[in-house]
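Commentary on secondary and tertiary structure
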Amino acid sequence: MSDAWRKKLTESIDFDDQEFYGKLGFKSGLEIHQQLDTKKKLFCHCPVGYRNDEPDAIILRHMRPTLSEMGTYDGTALMEFKTRKQVIYQLYRENVCTYEMDDTPPFPINQKALDYAIEIALMLNCQLVDEVHITRKQYLDGSIPTGFQRTAIVGVNGWIPYRGRKIRIQQLALEEDACREVQDRGHEIVFRTDRLSTPLVEIVTKPDMLTPYETAEVDGLLGRLMRASGRVRRGIGTARQDVNVSITGSDRIEIKGVPRTGDIRPLTHYEALRQKSLLELRERLNNRGITPETFKADYHDITPHFTDAEVFSRSGIPESAERIMVVNLADWQGLLKHQTQPGITFAAEIAGRVRVIACLDRMPNILVLDSQPEGMLHGELGLPIELEEHIRAEIGADEDDTLVVVWGPAEDAETGAKEIIIRAKEAIEKIPQETRQHMPDKCRTDFERILPGPDRMYPDTDSPPVALAPDRVSEIRNSMALRPWERMERYLELGLPRCLAGDLSIHRHACLFERLVAGSGISPLLLAEALVSWQKAITRARLEVALPPVAVDEDVLESFFTDAAAKKTPRRGLLYAFEKLLNGEDVEPLGPLSEGQLKTLCLKVIEEYEDYNFKQDRFKLDFLLGEVLERSEGRAEPAKVRKILKELT
Amino acid sequence: MNDDALKGYKGKARKVLSEMGARVWAEVVIDTDKGKYEGIILPRAEQADDEHIVLKLETGYNIGLAVEGIKTVKEKAYKKAHYKIPEQEFPFDPRKPDVTLLGTGGTIASRLDYRTGAVIPAFTPGELYGAVPELADICNLKTEKLFGVFSENMGPEEYITTAKAIGREIEAGAAGIVIGHGTDTMHHTAAALTFMVQDSPVPIVMVGSQRSSDRPSSDAAFNLRCACNTAAHGNVAEVLVCMFGPTSDSYNLLHRGTRVRKMHSSYRSTFRTLSDIPVATCTPDSVNPIRPDYKSRRSDNKVKVDAVFDDRVAIVYYYPAMKPDIIESLINNGYKGIVIAGTGLGHVNKPLYKPLRRACKAGISVMMTVQTLWGYVQMYVYDTGRDLMELGIVPCLNMLPEVAYIKLGWVLAHTTDTEEVARMMLTPVNGEITEREPHDGYLVFQGGLPEIEDFLKRRLR
C-alpha cells in the first residue's frame, strides 16, 4: 500500500522544474550530521559502540526549561515542558559512564575528533574560528540526559561548488550525538544511550538549493565529500540529515532525520506544497474576517454528556476517557477539511500537536464536528445529532462553528484543548516553525516539535575554550584529502570515464590510486577499473557463496600494482592475479608470455588434442585458442595466439 | 566594574577593542584577515587569555576570534542581556503551612557569571520560585537571602547567622525551615545547625543541587520540592539533609544532620548516611520515615538556639609517614582542639606520640575518629590505641571526622576544660554517636558482581 501510494505521489513529478519551484519561491537547506571515525567519545573516554542487547541498568529523569544566556526562555523548551515526560535511559556498562548519565562533568574534548572536524571544515572552504567555544544546545525531549547537547562551532562561511555556483555552508560544528529513541508512549519515553556522545560534525548549508532535485544532489555531494575525507564512520545510522524548506511567505520548516538522499525529493516537494496550502488557509480565514484580533475560541468540559455506550461507539471515544473536552472554533466551518498534503487535512496538523504536546498518542485523538452541507459520511465517527445539537446549544455554538472534541486523562485533555486553540490561532498568523517527522511513505510529514531558536544556546561553563594554534591548522591543511570535485576533475583529465571517476573520487583507495598513477606508470584506466569495478565484482562473488571479503592491506595492493606496472602485466593477467589476491591467495602479477613461451604452450595444447575429433576445423581453432588462453593465465594476446595456432596447425 | 564596556577583556584584546571603539553586548560586523563575522560581542572570562574576543553568532553559538586578525569592528546595534527569571509573587493559601526558605548560595541558586565564565550563586530565593512554581502546591513560602556564598566559603560566622535566623523564624511560627546550601560542605553546616539549634519543634531541612539550576536536567527543582514538602508536612523535627536517593528523579532521602556525608564529587545521589540508615524517604508529596526513633513535630514555637563556635580547631588526616611538626605547628599556633582521622580503629604512628602528649598537656582537646568513615574507634584492641588513650586522646566512637570537628568547635566555645570537653563530646546531641550500628548501616555494593548487576538491571538506579 505504502509503495503504491508513494509511487502515485512521486511519478510524473519533475523535481527539477525550475519554473514551478521558482514561482513557489522554494528554498531548501541541509543540516547533515555525520559521525566521526574516532575510537572514543567526544567528552569522555568511553568506546564508541552500538548495542542491541538488554541494558545493564536504567535511570529515570525529567527535563525542565531554563533561561538562555540572553535571559529568555526558548519556545520549544516551554512546549516540551508542557508534555511532562518521564524519560528512561538504558545504560550499558561497556559504552556508557557517569559522564553520559550526567553524573560527572565533561573531560577535555577529544582532540582527534577536533582535528577531524577542522579537516572537514577546511575541505568545505570554511573560515575557521580561532578559539573553539563549547556551547550547550538545549533539548528538552530527553534525547540527551544533560538536557543539552555540547556543541562547538569550528568553521563558518564555507562553500562548495554546484551547477556553476556556490552553495554556501553556514557553519560546521563538532558535537556529541544524542541517544536513540526506543519507545515513546504516553508520558514515558525510553532512550538507549549507546550512541550518546559519539563525536559528529553537523554541517549547515544556507537555503541555496532551489529545487528538490538540487537539495538531494547537494546532500549526495556533501556525503561524498565527507567520505572522501576518510575521517567519518560508515554504515547505518552514522549519517543523518535534516532538511529545511521554505517558500515565499513562509518561515523555515525542518524535516527531521531523512533516511535516504532519494527521499529528500518527494519530502521537500510535498512540504513546499503543504506550506502553500497553509498560506491559502490563512487567506480563507482572512476572507471570513477571522484575524488574530477577531479570533474566537473556547473550550468546555462535556464529560457528563457521555453516559451510554452508543455515544462512545459512535464517536470512537473510549469509555475509559477520564475527561472529554470540546473546543469551539467560531466561524471555522469547513476549514479543518482544508487539504494540506495528499490525503491529509488541516485537522491532522491539530491532531499532531495534540499527540505530542498533550501526550495523547492513541489515534484518532480528536473528533471534528463540522456541520458543513455534505455532512457526515457513512461510517464516519461523530456524535448522535441530538447530542451534538444539545452540546452546541449549551456552549453557545452555532452551525458556522467547528467543534473539536479531545479526550484522555483529565490534565492531558485540558492541555490538548488549549493546544487546539493555540494551533488554530497560529493558522491565522503564520506557518508555525516546526520540526516535522516523515511518514512511512517518505513523502508526507507530521508534527514532531516546535523548531528551536537561538535562545536555547548557553555557554558550557564546564569546558574551557580551546584555542586553535595556527601550526595545528596548517599541518592539517597540508595533509588534507582532495575534495571529491577536485579528484573528479583530475580523474577526468586522466581519461577515466565519468562514472568510474565519480566512484573512485570517494573510494577508500583514492589516495592509493593517485600515488600509483604518479609513481608506477600504470595505466590509470586499468588501475581504476581494478580498484573500483573488479574489486566490487570479486567481493560480491564471494558474498554470493557466503564468504566474507578478504581484507588486503593497502601496502600489499601498492606493491602488487607497482609490480604489475614494472612487469607490464596485460589486462587479463592482472585480472587473473587480482582475483586470486582478493580471494586471499599469495600471488604476484606476471608479465606477458614471450613468443617462445607462447609457441611451447600452443604446441603442448595441439598435441594434447591431436586425436580429438572436431566436426569442423574452425571449431578446432576456437577450441584450442580458448584452451591456450585459459592456461596462459591471461598473459597472452588472443590475436597473437590465434596467429601462432594457425601457423602450427 | 559591572558597567565596564569591555568586561573581562584585558591586555592586548582590551587594547584592540577599545581602539576600534567596540564594547560588549554590541551587535557587530567584524572584518578579519580570514573574512567577515557577524554577532554580539560577549564579555570574556577573566582567566581566559588576552588573544581572543568572544562573539555570539546569530545562531546562538559562541566563537572566539583572534584579536591579531581583526581589521575593523562595526557596531550595528546594542543589546544587553538581562538574565533574570521572571519573579512572581508567591500565592498565599491560608490552608497551607508557612515555610521559610533561607538562602545561603550554592548551585541550587546559581547563574552564569561573565567575570569567571562559571556559575555563581545569584538567584534570590524569590526568583527560584519563578522557576519552580510547583512549590505553591506545597506550602506558603517566605524567603530570605542570608548570604550568597559557595559552600566552601561557609564558616562559623555563617553557621551562627543561620542558626539565629532559624530560631527567629521558628519563634515567629514557621511550620518548617528550608535552607538552600551548596553541597560541598552541606554536611558540615548540617552538623553545626544540629548543635546550635536544639529541640526544634519543626523540621529544619537542608537542600542543594548537584546539577546547577541552569541545566534542564538539574536536580534543583526536585530537591527543592521534596525539601519544602518535608518542612511543611513532614513529622521529623530534626536538622535533615534532603538530597537524591538514587541518581534517578525518583525519591529523596532525609539524612540526619550528624550522620550524613557527601560521598561522590559529582553524582546526584552523593549524600549518604554512614554507619546507620537514613531517617526517611520523601517525594514532593510524601514523607515516609524508615525508622521510628526520630524527634516528632510539636505545636509550640520553642527552640533552643546555642550559636557559638571557637574556630581554633583543626582536623588532621593521618597518613603513614606523618611527621611530628604537623601537630607541633598546631600547638604553636594556639589551637585549642584537634580532631585526628586515624587509620583503622583509630591509630597514628609512634613519632606523633611526643607532640600529641605535649598537646594534651597544653590543655588542647585531642579527639580520635576513623578515616574509614564507617565503624567505631576502638583503641583497646591494639597497644597503639592504649598508648594513645594514655596520652589523653579521646576516642569519639562512630562520630564522623567532620562532625567531630564541628562539634569540637562548638563545645570549645562553651568550655576549654578538657574533661568537660570530653564529656560534652561523648554526649550525643542527635545521633552523632550511636550506641549500635545496624547490619545495614554499612552498604557499599561492589559493581560487577552478578547478583548486584542483576539487582541493578531490574531497578531504577
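Model, not experiment: these values are computed from the prediction. (Residues numbered from 1 in each chain as written. Chains lettered and ligands numbered in written order. Predicted model: local features only at pLDDT ≥ 70, side-chain atom pairs only at ≥ 80, totals over all residues. Heavy atoms only, no water.)

A few words on the overall build of chain A. On a plain count of helices and strands, chain A comes out with 20 helices and 23 strands. For chain A, the C-alpha radius of gyration of 32 Å lies well beyond 26 Å, the compact-globule estimate for 649 residues. The C-alpha extent of chain A, read off along each of the three principal axes, is 110 × 65 × 50 Å. Expressed as a percentage of the 649 residues in chain A, the buried residues total 56%. In chain A, the proportion of contacts linking residues at least 24 apart, taken out of those at least 6 apart, comes to 74%. Carbon and sulfur atoms form 51% of the exposed surface of chain A, whose accessible area is close to 28,600 Å². Each charge class in chain A can be summarised by its mean position, and for the 87 positive and 106 negative side chains these summaries are 5 Å apart. (Helix = DSSP H or I, 4+ residues; strand = E, 2+ residues; numbered from the N terminus. Rg over C-alpha atoms; globule rule 2.2 N^0.38 Å. Buried < 20%, exposed > 50% of the residue type's maximum accessible area, 1.4 Å probe, protein only. Contact = heavy atoms within 4.5 Å. Areas by Shrake-Rupley, 256 points an atom, 1.4 Å probe, with all protein chains shown as cover. Lys, Arg positive; Asp, Glu negative; His and termini not counted. Charge placed at Lys NZ, Arg CZ, Asp CG, Glu CD.)

Residues and elements named next belong to chain A. Of the consecutive residues Met363 and Pro364, the connecting peptide bond is found in the cis state with omega at -5°. You can see Pro364 is positioned in the loop between helix H8 (346-357) and strand S18 (366-369). Residue Asp331 is not a glycine yet carries a positive backbone phi of 70°. Within the fold, Asp331 resides in the loop between strand S15 (323-329) and strand S16 (339-341). Residue classification places Asp331 among the partly exposed positions, given a relative accessible area of 37%. Of note in this structure, Cys359 is not a glycine but carries a positive phi near 60°. For Cys359, the position within the fold is in the loop between H8 and S18. The exposure class of Cys359 is buried, given its relative accessible area of 5%.

So, about the UniProt feature "domain: Asparaginase/glutaminase C-terminal" (unreviewed entry) in chain B. This chain's UniProt record puts "domain: Asparaginase/glutaminase C-terminal" (unreviewed entry) on residues 312-425 of chain B. End C-alpha to end C-alpha, residues 312-425 of chain B measures 16 Å, and it is 41% helix and 17% strand. (UniProt positions renumbered as here; feature names shortened; annotations may be inferred.)

Residues and elements named next belong to chain B. What the eight strands build is an open sheet, ordered S9-S6-S10-S12-S13-S14-S17-S18; its pairing is mixed. On the outer flanks of this sheet lie strand S9 (140-145) and strand S18 (286-289), each paired with one strand and no other. Sheet twist, expressed as the mean angle between neighbouring strand axes with direction ignored, is 25°. Set on the sheet, helix H3 (residues 156-171) makes contact with strand S6 (98-103), S9, strand S10 (176-180) and strand S12 (204-207); between it and S10 the angle comes to about 150°. The strands that helix H5 (residues 220-233) touches are S6, S9, S10, S12, strand S13 (239-244), strand S14 (252-256), strand S17 (280-283) and S18; relative to S13, the one it contacts most, it runs at about 150°. (Pairing = 2+ DSSP bridges. Axes fitted to C-alpha atoms, helices over the stretch in contact; angles between N-to-C directions.)

Residue and element names in this part refer to chain A. Split by domain assignment, chain A resolves into domain 1 (2-252), domain 2 (287-431), domain 3 (482-581) and domain 4 (595-648). Centre-to-centre, using C-alpha coordinates, domain 1 lies 35 Å away from domain 2. With 12 residues of domain 1 at the interface, the matching set in domain 2 holds 12 residues. Overall, the association of domain 1 and domain 2 removes approximately 960 Å² of surface from exposure, summing both partners, and the carbon and sulfur fraction of that is 58%. At the boundary of domain 1 with domain 2, the tally comes to zero salt bridges. At the boundary of domain 1 with domain 2, the tally comes to two residue pairs in polar contact (both at pLDDT 80 or more). Going through the elements one at a time, helix H1 (2-10), helix H3 (75-82) and strand S9 (180-185) are the ones with two or more residues in the side of domain 1 that touches domain 2. Looking at side-chain class alone, the side of domain 1 that touches domain 2 contains three nonpolar, four polar and five charged residues. (Domains from an automatic or database assignment. Buried area = accessible area lost by both parts, 1.4 Å probe. Salt bridge = Lys/Arg side-chain N within 4 Å of Asp/Glu carboxyl O. Polar contact = N/O pair within 3.5 Å; in protein donor to acceptor, adjacent residues only side chain to side chain. Nonpolar A, V, L, I, M, F, W, Y, C, P; charged D, E, K, R; others polar.)

Let us look at the interface of chain A and chain B. Taken together, the contacts link 59 residues of chain A with 60 residues of chain B. In total, chain A and chain B occlude about 4,700 Å² of area from one another, counting both sides; carbon and sulfur atoms represent 52% of this. Of the charged contacts, one joins B:Glu134 and A:Arg64 as a salt bridge, the two residues approaching to 2.8 Å between their closest N and O atoms. Across the chain A-chain B interface, the total number found is 32 residue pairs in polar contact (both at pLDDT 80 or more). Elements that contribute at least two residues to the side of chain A that touches chain B include exactly strand S2 (57-61), strand S4 (127-128), strand S6 (134-138), strand S7 (148-162), strand S8 (165-176) and strand S22 (457-459) of chain A. For the side of chain A that touches chain B, the element with the highest residue contribution is S7(A), accounting for seven residues. Looking at side-chain class alone, the side of chain A that touches chain B contains 27 nonpolar, 17 polar and 15 charged residues.

Moving on to helix H1 (residues 11-20) of chain B. Residue and element names in this part refer to chain B. When H1 is considered as a whole, its buried residues turn out to be Ala13, Val16 and Leu17. Looking down the long axis of H1, one finds its buried residues gathered within 95° of arc, a one-sided arrangement. In H1, those exposed residues whose orientation departs by more than 90 degrees from the buried face are Lys15 and Glu19. Buried positions along H1 lie against strand S2 (35-42) and strand S3 (52-56). At the exit of H1 stands Gly21, carrying a positive phi of roughly 75°. (Arc of directions from axis to C-beta.)

Counting 121 residues, the largest nonpolar core has A:Ile120, A:Leu124 and A:Trp332 as its most contacted members. Counting residues per element, this core draws most heavily on helix H4 (residues 111-123) of chain A, at nine residues. Judged by nonpolar contacts, the second largest core, of 55 residues, contains B:Met154, B:Ala192, B:Val241 and B:Leu400. (Core = buried A, V, L, I, M, F, W, Y, C linked by side-chain atoms within 4.5 Å.)

The next point concerns the packing of aromatic side chains. Residue and element names in this part refer to chain A. Following the criterion strictly, the structure yields 20 aromatic pairs over all chains and no others. Seen from their ring centres, Phe43 and Tyr99 are 6.4 Å apart, and the 50° between their planes marks the pair as tilted. One end of the pair, Phe43, is in the loop between strand S1 (27-35) and S2; the other, Tyr99, is in the loop between strand S3 (86-91) and H4, with 56 residues separating them in the sequence. The pair formed by Phe43 and Tyr99 is uniform in burial state, with each residue classed as buried. Taken together through their ring pairs, the aromatic side chains of Trp534, Phe560, Phe561 and Phe578 make up a single cluster. The aromatic ring of Phe447 is capped on one face by Arg353, whose charged end is 5.2 Å from the ring centroid. (Phe/Tyr/Trp six-rings, centres within 6.5 Å; stacked < 30°, edge-to-face > 60°. Lys NZ or Arg CZ within 6 Å of the ring centre and 35° of its normal.)

Working definition: two side chains of opposite charge can pair if their charged atoms are close together. All names here are of chain A. Counted under the stated rule, the structure contains 83 salt bridges over all chains. With its nearest N and O atoms 3.9 Å apart, the salt bridge here joins Glu429 to Lys425. A residue pair is termed a helical-turn pair when its members lie 3 or 4 positions apart in one helix, as Glu429 and Lys425 do in helix H10 (residues 410-429) at four residues. Lys580 serves as the salt-bridge partner of Glu585, at 3.9 Å between the closest nitrogen and oxygen.

Residues and elements named next belong to chain B. In contact at an axis separation of 10 Å, helix H9 (residues 401-412) and helix H10 (residues 418-426) are set at 135° when each is read in the N-to-C sense. Taken as axis vectors, H9 and H10 run oblique relative to one another. Taken as a pair, H9 and H10 cross one another with a handedness that is right-handed. Contacts from Ala404, Lys407, Leu408, Trp410, Val411 and Leu412 of H9 reach H10 at Val421, Met424 and Met425. Here the residues of the contact of H9 with H10 sort into eight nonpolar, no polar and one charged. (Parallel < 35°, antiparallel > 145°, perpendicular 65-115°, else oblique. Left-handed = near helix turned anticlockwise from the far one by under 90°.)

On to the confidence of the model for chain B, then. On average, residues of chain B carry a pLDDT of 90, and 92% of them reach 70 or more. Throughout residues 113-122 of chain B the model reports pLDDT below 50, and contacts reaching past four residues in sequence, or to other chains, amount to 43 contacts. (pLDDT = per-residue confidence, 0-100.)

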